[in-house]
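# Analysis of the macromolecular model
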Amino acid sequence: MSRWLLARAALAGLLGLAPVVAFAGLFGRTADEALANPGYLLPTVGAALLPVLAGILLATTTRVPPVTRLTVELTVLVAYVGLVSPARVTDGPYRLLTSVPPVDPGGPELALVAVLAGLAGIGAVEPSLRRAAVPWALPAPLLAMTAGLLLTTPTGVPGWLAPAVAAIALAMFATAAAGHRDPDADPGGKAHARGDGRGQDAGSGRGAARAGAGGLAGRLVGLPGLVLVLAAGAAASLLGPALVTVAGERTPADPRDLVAQPVRPRTGSSPLAQFPALRTGKLGLRLTVTGDGTPDRLRYATLDRFDGTYWTSAATYWRAGRQLPAPTGPAELVTQQIRIDQRGPLEWLVSAGRPVEVSLGGLGVDRTTGDVIFPENRPAPDGYTVRSAVPRITVADLPADPPAVLPPGSVPAGSVPAGLLAEATSITGAGSGYPALRRLADHFARNGDYRLDTSPRPPAGHGLYQIDRLLETRNGTAEQYASAFAVLARALGYDARVVVGFRTRTGPGDSRVVTGRDVDAWAEVRFTHAGWVPFHPTPGQSGDRRPDQPDPPPSSAPEPTRTPNAPNPATATGSSAPPGAAPDAGRPTSGPPWPVVALLAVLGLFVLVGVPPTAKRAVRARRRRLDDPGRRLLAAWRDTLERCAETGVTVSPAGTTGEALATLTGRVPAAVGPARALVALVDAAAYGPARVTIAEADRAWALADTVRRQLAAASSRRQRIAAALRVPPRIPVADTGR
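Tallying secondary structure elements over the protein chain gives 21 helices and 17 strands in all. Out of the 738 residues belonging to the protein chain, those deemed buried represent 51%. In the protein chain, of all internal contacts separated by at least 6 residues, the share reaching a separation of at least 24 is 78%.

Put into structure tokens, the structure is as follows:
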């Protein structure tokens, strides 16, 4: 093996690392974080490189057949993956499509990435060791890399991936070209020598044919194909998220949305419907909280769908690892240890803010709200440690931050009667935005003579009937107040939802205690920049707070209990936004990004210009490598006739070789010599008694190349360009019959 071929095979082996980088975003909050994690990096890199090293070692030290070498490479891959990640690889695709990043590095997911990396490396190095054209080493790693890019679009991919793949591919082309120019490169004759008396013929003739195919045809096939592949790879790597959001979608397309998620809640009841039973102690629940700070409130569940009777959740829960999707925007991380003394109806994870890391795996998480559930197939644990992101909201900035309007179709018909719109308008007056919402919250909490019901049998329910009763009696619990505020805010056109949680009280030592009687509810409204801002419309709440707790601060200061930067849907077509609202909050305010449009146009041009010549050169290279010398010789004649048709030299498919020769030499007199010699070889192969030799097949292709060059020299530049882009008709050629 020549040094150039060895260098090319080593470079091809590096392409197996492309899927390792492409999938990295699934196993960390960023790809760089995953690539710095030995738990992900070592198993996948080992799977990509060890089979490649085994194949190169066999090729350089032994003369085993390629099939044997491939078997050894696959065996090394299977053994290594089984050793470092003993899991069912067949479960990997489904688990990746039903898990939300970041995925814990281990199990079937990691085993699948390791197998894909190993197959990509083998698929790249084997064509190189077999002296195939360079482009044949690209499909396997690029397909595996594309699979990773599709799955990691929501988390992004490193921008240097496409340039790195391009650099390796260009280096492979450079080493291949250097090997063809090197007289000591030994382009493959010895490896194909036989011991049956035809060894010299096979070594020189057939080896030269393969060298010619790998040299001239390989280089010609490679350039347009390489440009196409690398341009597409660069687009996917650098601008993938932008390309899938050109249509105006809020987030990049995600193939996981096409798969039904297997995580289901333990019950189907709304946590707000359990409010009265928890509040009165009929449903027992007790938690002990220790850790950072002493939060007055803990989150439990988010409810964003109202049908006029119940607030429920539209969440879709995905399989989650110990790390959870992190919010954007400024936030403070707090860590708490939760001990579950009495489980009761506990179904969601209780935390100070949006959970970003939990000590338990196998839970379910909703990507939009960040709520975490204990799935139906596992009971609630005895305790857990959770790290939460508590956003920092600057109240002084809210008056200048327009609230976002309701997403299209989010409010069912009849869920907000016209009477409530009139009531909301009368409360807020001519105000809009944050001042109007602040006035609405204060109407219940401070200025409207409303009372918090602390009786043993408080009113239950939070539908339209209970809201009307609250407005009439001015007496209710946090269940009714939170629902009334959210429904009235929606009547004004703002995007509002209800949150169920718990207030805490002092426990032994530095701990905080939560019981079912501490259940609480409040509302949140989405703002353009601040995200979800909490409002507490329940009056005072001092009537049922413990003596050891101070009263909560005035409701004019929203408490940072919810993660900002939730998705920002746009206004429905034809609907009018409320005063001060942002009608297109979170959506692109301009047309499609012109760099992306330009890139798509360039890619389309490359496809139109590059595919026909690339396909024709690939067919020519395949014909040159036909095993049967007779078929290979006649393929040279067919290729010549197709080149004639491309350049306008019309040859009848039903004509004889003599007629074709006369037509060709009449148009291109300079080709008379090689064309007559080629016709003689074709006639002898088709109708002569002797078997075609390898040397004759090689000579036929050499003559065909000469005729093709003469045709190009006799054509204008415009004719040559048109010929390169034209798809020739398929011309039948008689078989040798032997």
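Let us keep going from here.
Ordered by their spatial adjacency, three strands build an open sheet running S5-S8-S9, and the pairing between neighbours is antiparallel. Two strands lie at the open edges of the sheet, namely strand S5 (317-320) and strand S9 (372-373), each paired on one side alone. Pairing between strand S8 (residues 363-366) and S9: two bridges, direction antiparallel. Across the sheet, the residue bridging to Gly364 is Ile373, located in S9.

To continue, consider the sheet that holds strand S14 (residues 505-506). With antiparallel pairing, the six strands of this open sheet are ordered in space as S7-S10-S6-S1-S15-S14. Only two strands of the sheet have a single neighbouring strand rather than two, namely strand S7 (354-358) and S14. Here nine bridges tie strand S6 (residues 331-342) to strand S10 (residues 383-391), and the two strands are oriented antiparallel to one another. Bridge pairing links Gln337 to Thr385 in S10.

Its 18 residues give helix H17 (residues 629-646) an end-to-end C-alpha distance of 26 Å, which sits within 8% of 26 Å, the value for a rise of 1.5 Å per residue. Counting buried residues along H17, 16 of its 18 residues qualify, which places the element largely inside the surrounding structure.

Turning next to helix H8 (residues 139-152). The α-helix winds at 3.6 residues per turn, so residues separated by three or four positions along the chain end up facing the same way. An ideal rise of 1.5 Å per residue puts 20 Å on 14 residues; H8 measures up with 20 Å between its terminal C-alpha atoms. Within H8 the residues assigned to the buried category are Pro141, Leu142, Ala144, Met145, Gly148, Leu149, Leu151 and Thr152.

Attention now goes to the pairing of S10. Examined bridge by bridge, S7 and S10 share four bridges and lie antiparallel to one another. Its bridge partner lying in S10, Glu357 is registered against Arg387.

So, on to the environment of Ala331. Inspection of the secondary structure puts Ala331 in strand S6. Among the residues examined, Ala331 registers a relative accessible area of 26% and is labelled partly exposed. Considered as a pair, Ala331 and Val390 are 59 residues apart in the sequence and their alpha carbons are 5.2 Å apart. The contact partners of Ala331, leaving out residues within four places of it in the chain, are Ala389, Val390, Pro391 and Arg392.

This part is about the packing of H17 against helix H20 (residues 694-713). Following both chains from N to C, one finds H17 and H20 inclined at 10°, their axes separated by 8 Å at the closest point. Overall, the two elements H17 and H20 adopt an arrangement that is roughly parallel. Between H17 and H20, the residues in contact are Pro629, Arg632, Leu633, Ala635, Ala636, Asp639, Thr640, Arg643 and Cys644 and Ile694, Glu696, Ala697, Asp698, Ala700, Trp701, Ala704, Val707, Arg708 and Leu711, respectively.

So, about the nonpolar core. Core analysis: the biggest nonpolar cluster contains 76 residues, and Tyr384, Phe444, Phe485, Phe527 and Phe535 have the highest contact counts within it. Top element by residues in this core is helix H15 (residues 478-491). It accounts for nine residues. If near-sequence neighbours (up to four positions away) are discounted, Tyr384 is found in contact with Gln336, Gln337, Ile338, Ile340, Leu349, Val350, Val358, Ser359, Leu360 and Phe374. Membership of the second largest hydrophobic core comes to 38 residues, among which are Ala18, Leu96, Ala124 and Ile168.

Basis of the calculations
Residues numbered from 1 in each chain as written. Predicted model: local features only at pLDDT ≥ 70, side-chain atom pairs only at ≥ 80, totals over all residues. Heavy atoms only, no water. Helix = DSSP H or I, 4+ residues; strand = E, 2+ residues; numbered from the N terminus. Buried < 20%, exposed > 50% of the residue type's maximum accessible area, 1.4 Å probe, protein only. Contact = heavy atoms within 4.5 Å. Pairing = 2+ DSSP bridges. Expected span 1.5 Å × (residues − 1). Axes fitted to C-alpha atoms, helices over the stretch in contact; angles between N-to-C directions. Parallel < 35°, antiparallel > 145°, perpendicular 65-115°, else oblique. Core = buried A, V, L, I, M, F, W, Y, C linked by side-chain atoms within 4.5 Å.

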